[in-house]
Each structure stands twice: as structure tokens, then as C-alpha cells.
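# Structural overview for review
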Amino acid sequence: MVQKFSSVGKRLPRPDAASKVMGAAQYGADVSLPGMLIGRILRSPYPHAKIVKIDTSKAKKLAGVEAIITFEDVPKLPFTRSVMAEGFPAVAYEGENLDQYILSDKARYMGDWIAAVAAVDNYVAEEALDLIEVEYQPLPAVFDPEEAMKPGAPLVHEGYENNIAGKIEHPFSCGDVEKAFKESDYVVEFSGQNSRQKQAHLELDVAVAQWDTQGRVTIWSPCQNPHLAKKALARRVFDIGEGAVRWITPTVGGGFGARMSFGVEPVCAMLAKVTGKPVKVVVTREEDFAGWNSRTEQRQTIKIGVKKEGTIHAIKQKILSDSGAYLSHSGSITAVNMQSALGLFRSPNISGEAKIVYTNNPTSSGMRGYGNPEGAFILQQAIDMAAEKVGMDPVAFRLKNIKGVGEPSMWIPVALDSCNLEQCIKLAAEKIGWKKKWGGWGKKKEGRMRSGIGMSIMTHASGAGGFLLEHSHAIIKLNEDGTAHLTVSPCEMGQGILGALSQIAAEATGLRYEDIHVITGDTDITLFDIGSHASRSTYVIGNAVVNAGQKVRQMILERAAKKLKVFADKLDMREGRVYVQGAPEKGLGVAEISHDAIYDYGTTGQHIMAVGSFQSVSHCPNFQAGFAEIEVDTETGIIKVIKYILAHDIGRAINPQNVEGQLQGGTAQGLGYALYEDLVIDKITGNTLSDSFATYKIPSSLDIPEIEVILVEEPASSGPFGAKGVGEPGMVNVAPSIANALYDAIGVRINSLPITPEKVLSALKSKK
Amino acid sequence: MVNGKLYEIIIEPRMLLVDVLRERMGLTGTKYACGTGDCGACTVLVDGKPILSCLTLAVTVRDKNILTIEGIADGNTLHPLQQAFIDNGAVQCGFCIPGMVLSAKALLEENPLPTRNEIQAGLAGNLCRCTGYVKVIDAVQAAAETAGKGGKI
């Protein structure tokens, strides 16, 4: 049966677009309160140092300075920057290490937070920072995770022997891998590492905090997980009740995983507490680059055993992650690397281990894809190497080894009930002209400019059902005029979730899309939700909205039934109008029903509203295939991407325009990750050298190749109207497919990101 | 003159245009994102030309016509570029959008029917981390076509 939808599947304008094009949207930096002070942070000039003495007396005398705080002034309660840690089940996961305080008594990376100032304006605050006198005792530092594990290496944190912050056994361990390698006809091994890609959201980190006379604090800050952040701030940072924290999320200028960690909120709340005034803490772009958030650098080895008929027999994966100075998300993203990379392929024998190590580098965290793009860059090249050994086409080799419906999924495995990866691979391969363009293994190419084609596949979750805290709640309240308020708590960080949830609400209730008004971004008003991460919001929150919508619809139909004098099950509702099935002319508008329900002067007054809930048990994985066609200049080493085609298994696109936007934007970030973006940290001083958009290159409008997005729409039974997640996947396949295309073009493999012209030239040289 | 209105304010000579617009005039649509002239989020038009307000001392533009994102709509009717950005799904987080729209306006005034490559070049000073630029370029192209059919930029 072909379902005809009124709102779902349509390219409707998102509700936040108008305010954004008019410059009216209010972001964190635009929040201004009467008497508000500006807060700034003093950062360590040493990567590792003991703080012997801090003298704040001169700074305190500066006119306009209201407070200066140091380690002495903050609660001695350790916490982790990762607010996601609150979402892990205590039994299954020990959580990220509680390894830091609001301000530190020891600098652990160049830029670590030592003191903070609140002053009347930014100019005075900056001047005050210069007047704080700190006596540091520099300590030996370590910047390489291998070095950090050696006996005698400087200890970043007491109590973590050999700087090992955590260890993970492979979650998919099975069979006997060593025996299986012996049984294999071919064994390939590939080692390499990803770069510390920076989220580089355009909106700088910011927070405003204000305490009231009852001891409650309100925070305004861009945050992907406001309810978890509320809990972490209350319980971990200040040891107060969750009810004493109100978290307001203004318009968010980009997330990409960075807003899953505390930024400046704890120090901002502390300054506001000490001064008794509202405080806004701002940071510079330089501080942001040399700070507390980047993709985690992972050194990885993948070993694959294959049978000569082309089946994978064994996979072994080893990872060494550099968490930097504090653990933050580095542990869990390492686990996700293992799960997502190996969630794709069937293998009877799997083993692996990971270590996460502290160093004196800036703190790593999670970024879009959260372990997946890190793993895919190595694994998808190793898969191509295995295909070459067997002498199979990379498309055919993948098709032979991927999992399908009924087989275990990526995370805590559940049986896949929706998987269209095969279709994605075939569609994208055909569209790019794989058969014609891929000339077979070892084909010699001549000339200065050489073209190549390569592919990669991926799976990613739609939330972490079965693994993390995954229940969500939505409220739909009908207004007198037939419009409705939808109260939900995702984080609209640009992905278009408010539009998607409004479209789902309109469809589920039978109201018009333009009559749905979203209420969000305030933990005092919204019900619990873990927030926007793991490409979950459309799937998980969307299901809660469907549940609320169906209840509201039923309530409307029941009231309408009385008015129309027919049974409710004989009624239908569409576009804000209730009508009798088979007799659409007999009906009435929803405004009449909602108004009369509230203004019922008899005995059956009612405010039509409902709370919908959803407990996710399946993470409903989505799938994607990506193909890159490139041209390599063998004299300069410059790679030009001619075309990138991806096919994504979306289940159903609630708003195809926004789904395309997610995939195009993800592709651009993937392109930067593949070719230019590199957070360069000096290996002797620990200084972050690429600390501006001039020294850290993100793609500009000139760098964008032709991108083609194919949406594969086979509704997933557990998704809202069949939808699955799409937020992160766009960037996963880009780097590995370019790397595989490079091998096709010039016969060399690059094992570290970004794939710079220097690396290409040096690889070409050593090949000769 | 800001957005067609004459303002008389006393400022310190060190104040940047972006700070004066945002903090003294409440025009927070102009965004601050790098402070080094690399990202274009703070772009405003001065006598029709795009400039970076984070690198401009406010005193240097005192007798000039400054146009910010708040000033480009015609009353309640959005500027064709604003409308095109909405219709083409070119807006995600929105932080780069005010600067992007103003750069696009300056581009179309100089080159009313640009090719895709010319649009890419015209917007190269405005970084966007969300969209991958595809729909932004679509939007500018659509606005140019609307204008070509008698609309106005």
C-alpha cells in the first residue's frame, strides 16, 4: 500500500531558518543580562608544570575586576568533561575517568586552565589575566602515546600507571583468531592513524551563568545534551540537586560532538557564584583550537585473514588512543571505533584490544562519527588490500562479506531488521560508472595526471538503544486556535531536527506542519532526553513524538465524534481537519474542537494534550556506500576530487532537503579530514601550532567537488514513519574512499591523515 | 549610518565595528567567530562593499553607509537572497549565514548572473562548517535567477 503523507517526506522550510537569515536568532554570545560580567580564563604556558604560587593581588586591584578564582576557590569534586558519561550504565561501563576540576593545581597541557577572571568587560578581563603572577615549576612532558606507556615516562595523572587511562577488550571477540590466521589463504595487515580533526563549529564556545537567591543556577550555553549536562553540573561539579540547575540552550552555532563535553560552563557558574552576578565566559578561536575538544588520535593495526574464495575468516584490531591531558570521550570513542568498523563484516574469528593513554597534549574528545571515521580510514583500506590479495573487485568483495538482515548489528548486537547496504553499494557503484572506470588491480597508469576511483562502506547507529540510556519523551499540547505546541529536548545545532520533529508531529496528529510550534532548549520545561548525539534524534525522539501525536489525535477524534455524532473510528484527520471516512465533506476544523474543549462551560472541559514516550531497544543502524573519483598530479602531489557519490540507507527521509544537507555537509567535513585538516601540535613544546582558520584549513566554497547524494528509502519498521539516523554518517566514507582511489591512481597507500601533497610525493618517491 | 538610520554614539577609538554593532547598537545579527579575518562571519557591507567588521575600527566608518543583516529585508518582506536561503535548505546552524548572505548580495550587485564557479569564488571568504556549501550555492543561483526575472537584489 502506498502511504500518502501530508508532511513527512516533504521539503518543508525548517522552523528556525527565518530567524537565522534575518540575524534574529539568539546564540549564546547574544545573551545579555543586566549587570552581567565578562569572564576569561588564564591558561598555562607550559604543557606540564606544578603551580608553586599564584599571586592575584595586582590583578585584583585593577579597576573593573570583580573576582579572580584559582584551584583554591573551586570545589574539590572531580568530574569529567564528557557529559555523556552520565548516560552510561554503571554496571556495563565504568564511565570516563573523573580526572579534573574546574581549575587545575597542575598544568597538564599547554593551555590548561589555571585561573579565571570576572570583570566589567572583555578589555578589563584581558588586562587582568596579564596581571596574574603564576610561579610554575615545569615538569618533563610526554606527547607521544607510545612514549607515555614506557616505564619512567612522566606521569600525567597520579594513580594511572604508565599513563594508561583505560583498556578495552574487543566487544565482538569470538573464535580463535591466531588459529584462524593460519587457516587463512591470505593475511593482510595495515597500520596507520587518523588526525586530530577539530570540530571547528563557527560559534565559539560560550556560557552565561546566573545564581538566584534560592541557590538555583541557570546556565545558557550551546550543549548537545542539556539534561545530562544539568545532572553532571549538579552532581559532579557542585554537589547540588538536579532541580537546582536550569539549563537553557540558545540557538547553537554548530556542534559536531564538541558540545557533548563541558566547555566553559563549570568555570562560568563558579565565577557567577563567587561574584553573585551574571557572568558570560567567552573564549577566543585560538583558545578553542588549543583546547579541550578534537577528534581523538588513534594508532591502529588491522589484520585480516581471508579464504581464497573471498570470505573473511579472521579480523584482529589493535588501537592505541591518545586522550591528551584528560580522558573526556576518548575511551568510549575507542570502543565505538571497534564496534562500528567491525559491525559491517561477517567474520567467525575476531579479537582485538585497545589502550587509551594520557599525554600532555590538549584533550581529545568525540567528533562527528565518534570513532567511526577513525576506524574506517584504516579498515576500509585493509579491506581493499584483502580484496586485491584474493584478486576480487572491491565492490564484489564487500558484497560477499557484509552482514544483512537477521545478522548482528554494530553495538551491543541486536539482529538487524533493516539493512539496505547491498542496495546502497550497487546503486552508487552504478551511478559512478564503477564497471567502466575501475580497471582492475595493478593496472599501470601513465602520465602526470592520473585518475583513480575508490570506495568505502559504513554502518552507524541511530542512537544507542540497548547500550546507553535511551528513553525519550515529548509533549504535544493543543491550543485554542488549533495550533499545537510540541515540547521536545533534542539539540538543534543546525541539523534540522526541529523541522523533522515538527513534520513527524504534524503527520502523527493530523495537524498542519505550519501549526506546530516547537518549545525546546530549557530543562525546566522539557522532559528528560539524553540529547542530540549518535545520529539518534530523529529516530528516538521522533518515536516519542509519534506516540504523543497518536494520543492527541485520538483525543481530538473522540471529541469530534461527539460533535459529528459518529463513532471516532469512523473519522479521519488530515491537515488540521477532522472528517468522516468516505464522506470528506462532513467534518470540522480542529480549532473548533480544541477551542470548545477548553471553553467547555459544562462538565467535560478538557485541555487536549499528551505525553509520548519511547524506549529504544534497537539502535536501528543506518548504512552507506561512498565512491570517490579523483585525479592526482604526480608532480605536485595534489589530489583533486572530481566527484563523490554516496548512497545512504535512510529508512525514510522525513525531510529529504535536510537529509541531503546533512550528507553534503558531512561530505565536506570528510573532505577536510581526508585532505587538509590537521591539528598540529609541536612535539617538543606541546604548543598547538594550527590555532586559527588560517593555519587550520577547513574546506571553503572553492574546495567542494561535485557531490551526489542518493537516498535509499526502505522504511525501517521501528523508525518513526520508517526513518533512521543520518547526522554523522556523511563524513565516514570520504577519507577511506579517497585513499582507495589514490591507490587505484598511483599504487601507493597513505596510512595517516590528512593525505597531504607531501605524503603523496614522498610515497611516490619511495615507490620508485 | 547603519541600515539607513543615522546613529550618534560616543565610542572609544579602540573599539571594533563588530563590537559597536553588537554591543552598542544591539545588532547581534553580525557574528564574531575568529577575530582574525579568516572566517567572514562578521561581514557587513560598507558603501555596498563587504568588509570584515572584526578587523575594522568603528571610527574609520563613521560617515559611511553600513548595512547589516538586520537591514536587508524590506519591512516584513524578506530579501530575495534570504528567501532563497530558506527555500533551498541552505541554512543549518546559521552562524555563518548573515555574513554569507551579505557577501552574496555584494556579489550579485557586481555580477547579477554569476556562474556556479563565480558564486564559489565570491563566497570563498565566508566559511561554513555545516552545509558543504552545495545548497548555499544553489540558493545564490536561485536568487540571481529570481532577480533576472524582474526581482530585485
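In every chain, residue numbers begin from 1 and rise along the written sequence. Key to labels: chains lettered from A, ligands numbered from 1, both in the order written. The predicted nature of this model means local features are confined to residues of pLDDT at least 70 and side-chain atom pairs, given and counted, to a pLDDT of 80 or more, with totals for whole chains, interfaces and linings taken over all residues.

### Things to note about the overall build of chain A
In this description a helix means any DSSP run of H or I spanning at least four residues, a strand means any run of E spanning at least two, and both kinds are numbered starting from the N terminus. A tally of regular secondary structure across chain A gives 19 helices and 26 strands. Against the compact-globule benchmark of 27 Å for 768 residues, chain A has a radius of gyration of 27 Å, which places it among compact chains. Expressed as a percentage of its 768 residues, the buried residues of chain A come to 60%. What counts as a contact here is a pair of residues whose C-beta atoms, placed from the backbone, lie within 7 Å. Considering only intrachain contacts with a sequence separation of at least 6, the fraction spanning at least 24 residues in chain A is 82%. Both definitions apply: the radius of gyration is a C-alpha atom measure, and the globule rule equals 2.2 Å times residues to the power 0.38. To sort residues by burial, count the other C-beta atoms lying within 10 Å of each one's C-beta; a count of 20 or more means buried, 12 or fewer means exposed, and anything in between means partly exposed. C-beta atoms are built from the backbone.

### Focus on the overall build of chain B
Along chain B, the regular secondary structure elements total 5 helices and 3 strands. Overall, chain B shows an N-to-C arrangement of helices and strands of α-β-β-β-α-α-α-α. Seen through its C-alpha atoms, chain B measures out along the principal axes to roughly 45 × 30 × 25 Å. Here chain B, with 153 residues, has 53% of them falling under the buried criterion. Looking at chain B alone, contacts between residues at least 24 apart form 62% of all its contacts between residues at least 6 apart.

### Comments concerning the sheet that holds strand β19 (residues 516-519) of chain A
All names here are of chain A. Strand order in this open sheet of 4 strands is β19-β18-β17-β23, and the pairing throughout is mixed. A strand with exactly one partner marks an edge of an open sheet, and here the two such strands are β19 and β23 (609-615). Sheet twist, expressed as the average angle between the axes of neighbouring strands with direction ignored, equals 20 degrees. Pairing between strands requires that DSSP locate at least two bridges from one strand to the other. Here strand β17 (residues 471-478) pairs with strand β18 (residues 484-487) via 4 bridges, running antiparallel. Bridged to Lys477 within β18 is His485. The strands touched by helix α15 (residues 537-564) within the sheet are β17, β18 and β23, with β23 carrying the most contacts at an inclination of about 145 degrees. Note on geometry: axes are lines fitted to C-alpha atoms, helical ones only across the stretch in contact, with angles between N-to-C directions running from 0 to 180 degrees.

### Concerning the nonpolar core
Residue and element names in this part refer to chain A. What makes a nonpolar core is a set of buried Ala, Val, Leu, Ile, Met, Phe, Trp, Tyr and Cys residues, with links drawn between C-beta atoms within 7 Å. With 285 residues, the main nonpolar core has Val267, Cys268, Leu271, Leu501, Val545 and Ile738 as its most contacted residues. No other element matches the 12 residues that α15 contributes to this core. Apart from the residues lying within four places of it in its own chain, the contact partners of Ile738 are Gly454, Ala628, Ile630, Ile639, Val641, Ala674 and Ile755.

### Topic: the sheet that holds strand β7 (residues 164-169) of chain A
Residues and elements named next belong to chain A. Spatially, β7-β15-β14-β13-β8 is the arrangement adopted by the 5 strands of the open sheet, whose pairing is mixed. Each edge of the sheet is formed by a strand with only one pairing partner; in this case those strands are β7 and β8 (186-193). Within the sheet, the average angular offset between the axes of one strand and its neighbour, ignoring direction, is 5 degrees. The strands touched by helix α9 (residues 330-342) are β7, β13 (297-306), β14 (312-324) and β15 (349-358); relative to β14, the strand with the most contacts, the crossing angle is about 160 degrees.

### With respect to the packing of helix α2 (residues 80-87) of chain B against helix α5 (residues 134-148) of chain B
Residues and elements named next belong to chain B. At a closest axis distance of 8 Å, the pairing of α2 and α5 adopts a crossing angle of 135 degrees. With respect to each other, α2 and α5 are oriented oblique. Taken as a pair, α2 and α5 cross one another with a handedness that is right-handed. Seen from α2, the contacting residues are Pro80, Leu81, Ala84, Phe85 and Asp87; seen from α5, they are Ala139, Ala142, Ala143, Thr146 and Ala147. Every angle not falling under 35 degrees, over 145, or within 65 to 115 is termed oblique; those three ranges are roughly parallel, roughly antiparallel and roughly perpendicular. By the definition used in this description, the sense in which the near helix is turned from the far one sets the handedness, with an anticlockwise turn below a right angle giving left-handed and a clockwise turn giving right-handed.

### Some remarks on the environment of Thr688 of chain A
Residues and elements named next belong to chain A. The residue Thr688 is located in the loop between α17 (656-675) and β26 (706-712) in this model. Between the C-alpha atoms of Thr688 and Met110, which are 578 residues apart in sequence, the distance is 8.0 Å. When near neighbours in sequence (up to four residues on either side) are disregarded, Thr688 contacts Phe289, Ala290, Pro362, Leu679 and Ile681.

### Quick word on the domain arrangement of chain B
Residue and element names in this part refer to chain B. Looking at chain B, the domain boundaries give domain 1 (17-71) and domain 2 (80-148). Just so you know, the domain bounds were taken from an automatic or database domain assignment. The distance between the C-alpha centroids of domain 1 and domain 2 comes to 19 Å. Contacts between the two partners involve 15 residues from domain 1, matched on the other side by 13 residues from domain 2. Where the side of domain 1 that touches domain 2 is concerned, the elements lending two or more residues are β1 (43-46) and β2 (49-52). In terms of residues, the side of domain 1 that touches domain 2 owes the most to one element, β1, which gives 3 residues.

### Brief notes about the interface of chain A and chain B
Each partner contributes residues to the interface: chain A has 43 residues there, and chain B has 42 residues. If you list the elements that add at least two residues to the side of chain A that touches chain B, you get α1 (17-21) and α17 of chain A. Top contributing element to the side of chain A that touches chain B by residue count: α17 of chain A, with 7 residues. Class assignment of the residues belonging to the side of chain A that touches chain B gives a composition of 21 nonpolar, 18 polar and 4 charged. In this classification, Asp, Glu, Lys and Arg are treated as charged, Ala, Val, Leu, Ile, Met, Phe, Trp, Tyr, Cys and Pro as nonpolar, and every other residue, Gly included, as polar.

### Observations concerning α5 of chain B
Working rule for helices: expected span equals 1.5 Å times residues minus one. Along its 15 residues, α5 of chain B runs 21 Å from first to last C-alpha, staying within 8% of the 21 Å computed at 1.5 Å per residue. Of the surrounding elements, those touching the buried residues of α5 of chain B are α17 and β26 of chain A together with α2, α3 (97-110) and α4 (116-122) of chain B.

### A word on α17 of chain A
An ideal rise of 1.5 Å per residue puts 28 Å on 20 residues; α17 of chain A measures up with 28 Å between its terminal C-alpha atoms. Counting buried positions along α17 of chain A gives 18 out of 20 residues, so the element sits mostly inside the fold.

### Details of unusual backbone geometry
Trans peptide bonds make up most of the peptide bonds, and negative phi angles are found at most residues other than glycine. Residue and element names in this part refer to chain A. Here the bond from Leu753 into Pro754 is cis, since omega is -5 degrees, no more than 30 degrees from zero. By secondary structure assignment, the location of Pro754 is in the loop between α18 (734-746) and α19 (757-767). Unlike most non-glycine residues, Phe256 shows phi in positive territory, near 55 degrees. Inspection of the secondary structure assignment puts Phe256 in the loop between β11 (245-248) and α7 (265-275). Judged by C-beta crowding, with 29 C-beta atoms within 10 Å, Phe256 ranks as buried. Within the chain, Glu575 stands out as a residue other than glycine whose phi angle is a positive 50 degrees. Position of Glu575 among the secondary structure elements: in the loop between β20 (571-574) and β21 (577-580).

### Let's talk about the domain arrangement of chain A
Residue and element names in this part refer to chain A. The domains assigned to chain A are domain 1 (17-22 + 471-615), domain 2 (31-139 + 202-254 + 258-289) and domain 3 (297-465 + 618-767). For domain 2 versus domain 3, the separation of C-alpha centres amounts to 35 Å. With 20 residues of domain 2 at the contact, the number on the domain 3 side is 23 residues. Class assignment of the residues belonging to the side of domain 2 that touches domain 3 gives a composition of 6 nonpolar, 7 polar and 7 charged.

### Here we look at the packing of helix α14 (residues 497-509) of chain A against α15 of chain A
When two helices pack together, their arrangement is captured by the angle between the axes and the distance separating the axes. All names here are of chain A. One way to put it is that α14 packs onto α15 with a least axis distance of 8 Å and a crossing angle of 30 degrees. Considering the angle they form, α14 stands roughly parallel to α15. For the pair α14 and α15, the sense of crossing is right-handed. Within the contact between the two elements, α14 uses Ile497, Ala500, Leu501, Ile504, Ala505, Ala508 and Thr509 and α15 uses Ser537, Thr538, Ile541, Gly542, Val545, Val546, Gly549, Gln550, Val552 and Arg553. A class-by-class count of the residues in the contact of α14 with α15 yields 10 nonpolar, 6 polar and 1 charged.

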